[in-house]
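The residues making up each chain are set out below.
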Amino acid sequence: MSIDKDLREELRQVADSMHCPPDLYERVQQSYQHYVNGKRGRFSMKKRILTGIIAAAILIPSAVFASSYLADEIFGSVETIEQHGGSQESYQEIEEMLQAAKGKLTEDEFEEYTELFKQMVQLKLKMTDEKGIKHEEKLTKEEQQQFEQLGSKLAPYFEKINGD
Amino acid sequence: MNDKELLPWLEKATLGDESAFQLVYQATHQDVYRTVAFLVYNKQDIEDIVNEVYMHMWRSFHKYDPNRPVRFWLHGITVRLVQDWKRKTWRRIRLFERNRQMTCEQFEWTDKAVLQSEMQYELFSLVRQLSYKLRVVVILRYFHDYALDEIADILQIPVGTVKSRHHLALKELRKRFEMTGGDAYVH
């Protein structure tokens with residue numbers, strides 16, 4: 001008598017008597033539905049990520065172009081100067097001046113220069129009305145002092161820029 | 001349905017074709033259920049594992065090696081999940097002891113059919129008493145007719161280990177069979 005043969009035979013007979021409960025089908029089907037929905041969800045997630053990347057790819061260069069105006073850093077936008085009697089042309093002039101400064105100054109110098117220039121512009125804007133007329137009395141004493149200091153601090157930079 | 005017929009349906013099912021899913025389930029569920037039921041005895045656990053096996057089938061279909069039979073792949077998943085489940089139960093038991101929550105869980109033990117078989121088939125009842133490591137080898141060898149090297153592949157253990165477990169399992173079965181008064185098996 002061979003144990004191999006008997007084992008095979010018995011296991012087969014026992015297996016035949018074991019039946020997968022029919023209600024298990026519903027459960028497996030539910031998890032299958034869950035899997036299918038999850039798969040679709042994942043796909044739309046992929047799409048969403050892709051859309052995000054494309055949007056970023058479009059937006060980033062346009063943001064770079066937008067901030068390529070150095071004068072924007074000082075004034076915010078051309079509207080600011082227009083409200084104080086300035087024009088598109090004068091804005092363009094300032095822009096050219098800044099571009100020239102960027103070319104002639106070192107990076108650190110330019111940073112310092114823009115910072116000082118920005119402060120000066122703020123004060124200038126404060127004392128200039130919409131027609132472009134200066135009213136020094138609009139500034140406080142401290143502000144007037146600050147304005148003068150800024151002028152003397154900026155002088156060497158101006159010399160350097162306009163010099164050679 | 002044989003392996004070659006099953007494969008395209010399986011692929012369709014993983015892509016979300018519900019009728020293909022039904023076909024795959026019909027073609028495989030008894031085999032999966034029986035394999036699990038030979039290895040795990042709690043009815044609720046058997047059903048949980050069968051459900052998991054199908055989840056894994058859909059999710060890991062891309063890992064299926066077309067040079068191998070579908071059933072071989074399927075049995076690999078089944079056995080791995082049974083082993084995962086055993087590890088989890090072990091953890092659960094330790095947690096159980098730590099919390100000392102001796103609440104009576106309503107366990108529904110294996111079908112009556114299996115219990116009846118145990119009475120009827122002496123050898124089978126002895127197989128059920130073997131340790132899991134020996135039993136899984138016996139089931140794969142004598143229920144699924146896998147060669148020892150294939151069993152090694154499924155269990156992801158060396159062939160030598162499978163051989164020694166196989167040998168040990170038969171030795172145990174012979175010994176116990178004689179002890180229960182059955183006729184001695186020729187070696």
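Before reading on, note that the structure itself is shown above.
Residues numbered from 1 in each chain as written. Chains lettered and ligands numbered in written order. Predicted model: local features only at pLDDT ≥ 70, side-chain atom pairs only at ≥ 80, totals over all residues. Heavy atoms only, no water.

Caption draft 1: A look at the overall build of chain A. Looking only at helices and strands, one finds seven helices and zero strands in chain A. Listed N to C, the secondary structure of chain A is α-α-α-α-α-α-α in terms of helices and strands. In chain A, which comprises 164 residues, the proportion classed as buried is 29%. Contacts in chain A between residues far apart in sequence, at least 24 positions, make up 57% of those at least 6 positions apart. Of the roughly 10900 Å² of accessible surface on chain A, a fraction of 56% belongs to carbon and sulfur atoms. (Helix = DSSP H or I, 4+ residues; strand = E, 2+ residues; numbered from the N terminus. Buried < 20%, exposed > 50% of the residue type's maximum accessible area, 1.4 Å probe, protein only. Contact = heavy atoms within 4.5 Å. Areas by Shrake-Rupley, 256 points an atom, 1.4 Å probe, with all protein chains shown as cover.)

Caption draft 2: Structural detail: the interface of chain A and chain B. Taken together, the 29 residues of chain A in the interface contact 45 residues of chain B. Note on chain A versus chain B: buried area summed over both sides is about 3700 Å², and carbon and sulfur give 64% of it. If you look at where chain A meets chain B, you find two salt bridges. Across the salt bridge formed by Arg-27 of chain A and Asp-48 of chain B, the nearest N and O atoms sit 2.7 Å from each other. Taken together, the connections running from chain A to chain B amount to 17 residue pairs in polar contact (both at pLDDT 80 or more). Among the elements that take part in the side of chain A that touches chain B, helix α1 (residues 3-17) of chain A stands out by supplying 12 residues, more than any other. Per-class residue counts for the side of chain A that touches chain B are 15 nonpolar, seven polar and seven charged. (Buried area = accessible area lost by both parts, 1.4 Å probe. Salt bridge = Lys/Arg side-chain N within 4 Å of Asp/Glu carboxyl O. Polar contact = N/O pair within 3.5 Å; in protein donor to acceptor, adjacent residues only side chain to side chain. Nonpolar A, V, L, I, M, F, W, Y, C, P; charged D, E, K, R; others polar.)

Caption draft 3: Representation of helix α2 (residues 18-39) of chain B within the structure. A rise of 1.5 Å per residue sets the reference length of α2 of chain B, with its 22 residues, at 32 Å; its end C-alpha atoms lie 30 Å apart and thus fit the reference within 8%. At Thr-28 of chain B, α2 of chain B shows its largest kink, close to 50°. (Expected span 1.5 Å × (residues − 1). Bend = angle between axes of the 7 residues up to and from the residue.)

Without other data, these values stay purely geometric and don't point to any function.
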